[in-house]
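Chain by chain, the residues:
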Amino acid sequence: MINDIQGVRKEVLQSVSGLTDLQLNEKQAGKWSIMQVLEHLYLTEKLIVNKLKAVMASSEETAAEDRPIHLVINRDHKIVAPQFLTPSDDFITLATIQEKLLASRTSLEEFLADNDQEKLRKRSLLHPVFGLLNIKQWIEFIGLHEKRHLAQIEELKQELGLRE
């Protein structure tokens with residue numbers, strides 16, 4: 001599971017390597033910049049891991065059936081990010097966002113190392129689109145969510161004339 005998530009993260013970082021900070025922060029009218037997409041990935045992973053830690057710290061067990069979370073990669077269905085996951089308009093360097101993404105990923109890895117895999121199926125948390133997801137599916141969601149936004153990054157690169 002973590003290998004798949006790490007693979008997508010590697011693809012995301014490879015996709016933006018070689019781009020300047022100016023290119024990464026360039027915006028098209030009505031769209032996020034590539035940097036804003038990266039910041040959104042960081043904010044999302046950080047929030048999810050914090051919520052998962054809280055759920056695992058509780059003694060309440062609520063199992064949930066597996067949901068079709070793979071549908072998140074379908075970019076035909078647009079979803080507006082909630083305000084708390086909406087990136088800023090600040091100019092951010094690639095080095096800064098890489099540090100933040102590394103920190104959120106380290107937190108996820110530590111969470112996985114500290115928790116029994118079987119327990120991850122016995123605890124659940126509500127997702128705003130998919131409903132009740134067990135923790136294992138939430139973790140899988142992180143990778144699928146990044147895959148969705150990797151496609152967005154590639155689209156933005158093409159629109160900005162940045163595709164190799």
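A brief structural summary. (Residues numbered from 1 in each chain as written. Predicted model: local features only at pLDDT ≥ 70, side-chain atom pairs only at ≥ 80, totals over all residues. Heavy atoms only, no water.)

## Thoughts on the overall build of the protein
Okay, step 1: Along its length, the protein carries six helices and two strands.
Okay, step 2: Helices and strands appear in the protein in the N-to-C order α-α-α-α-α-β-β-α.
Okay, step 3: Computed over C-alpha atoms, the radius of gyration of the protein comes to 16 Å, within 12% of the 15 Å expected from 2.2 N^0.38 for 164 residues, which places it in the range of a compact globule.
Okay, step 4: Here the C-alpha coordinates of the protein stretch approximately 50 × 30 × 25 Å along the principal axes.
Okay, step 5: Counting only residues that meet the buried cut, the protein has 45% of its 164 residues in that class.
Okay, step 6: Pairs at least 24 apart in sequence give 82% of the contacts found in the protein among residues at least 6 apart. (Helix = DSSP H or I, 4+ residues; strand = E, 2+ residues; numbered from the N terminus. Rg over C-alpha atoms; globule rule 2.2 N^0.38 Å. Buried < 20%, exposed > 50% of the residue type's maximum accessible area, 1.4 Å probe, protein only. Contact = heavy atoms within 4.5 Å.)

## Section: the side chain of S107
Okay, step 1: Mapped onto the secondary structure, S107 falls in helix α4 (residues 94-114).
Okay, step 2: A distance of 3.2 Å separates the side chain of S107 from the side chain of K53, its partner in a polar contact.
Okay, step 3: Those residues in contact with S107, other than ones at most four positions away along the chain, are V49 and K53. (Polar contact = N/O pair within 3.5 Å; in protein donor to acceptor, adjacent residues only side chain to side chain.)

## Comments concerning the packing of aromatic side chains
Okay, step 1: In the structure shown here, the tally under the stated rule is two aromatic pairs.
Okay, step 2: Arranged with centres 6.5 Å apart and planes meeting at 70°, the rings of F130 and F141 form a pair that is edge-to-face. Residue F130 is located in the loop between β1 (124-127) and β2 (131-134), and its partner F141 is located in helix α6 (residues 135-159); the two are separated by 11 residues in the primary sequence. In this pair, the class of F130 matches that of F141, namely buried. (Phe/Tyr/Trp six-rings, centres within 6.5 Å; stacked < 30°, edge-to-face > 60°.)

## Considerations on the nonpolar core
One broad trend across soluble globular proteins is that nonpolar side chains are buried collectively.
Okay, step 1: Among the nonpolar cores identified, the biggest contains 21 residues, and L52, F111, I135 and I139 are the most heavily contacted of them.
Okay, step 2: Residue contributions to this core peak at six residues, all from α6.
Okay, step 3: Of all hydrophobic cores here, the second largest spans 20 residues; its members include V8, L41, I153 and L162. (Core = buried A, V, L, I, M, F, W, Y, C linked by side-chain atoms within 4.5 Å.)

## Quick look at the pairing of β2
Okay, step 1: Sheet topology places β1 next to β2; four bridges connect them, and they run antiparallel. In the sheet register, L125 faces β2, and the bridge partner there is L133.
Okay, step 2: The hairpin formed by β1 and β2 contains three residues between the paired strands. (Pairing = 2+ DSSP bridges.)

## Some remarks on the environment of N74
Okay, step 1: Its location among the elements puts N74 in the loop between α3 (34-57) and α4.
Okay, step 2: The exposure class of N74 is partly exposed, given its relative accessible area of 36%.
Okay, step 3: A C-alpha to C-alpha distance of 9.7 Å links N74 and K147, two positions 73 residues apart in sequence.

## Looking at the environment of G131
Okay, step 1: Along the chain, G131 turns up in strand β2.
Okay, step 2: On a C-alpha basis, the gap between G131 and E146 in space is 19 Å, while along the polypeptide they are 15 residues apart.
Okay, step 3: The residues contacting G131, other than those within four sequence positions of it, are L125 and L126.

## Digging into the packing of α4 against α6
Okay, step 1: Interhelical geometry of α4 versus α6 gives an angle of 155° and a closest axis separation of 12 Å. The angle between the axes of α4 and α6 places the two elements in the roughly antiparallel class. For α4 against α6, the interelement crossing comes out left-handed. Facing R105, L108, F111 and L112 of α4, the residues of α6 in contact are I135, I139, I142 and E146. (Axes fitted to C-alpha atoms, helices over the stretch in contact; angles between N-to-C directions. Parallel < 35°, antiparallel > 145°, perpendicular 65-115°, else oblique. Left-handed = near helix turned anticlockwise from the far one by under 90°.)

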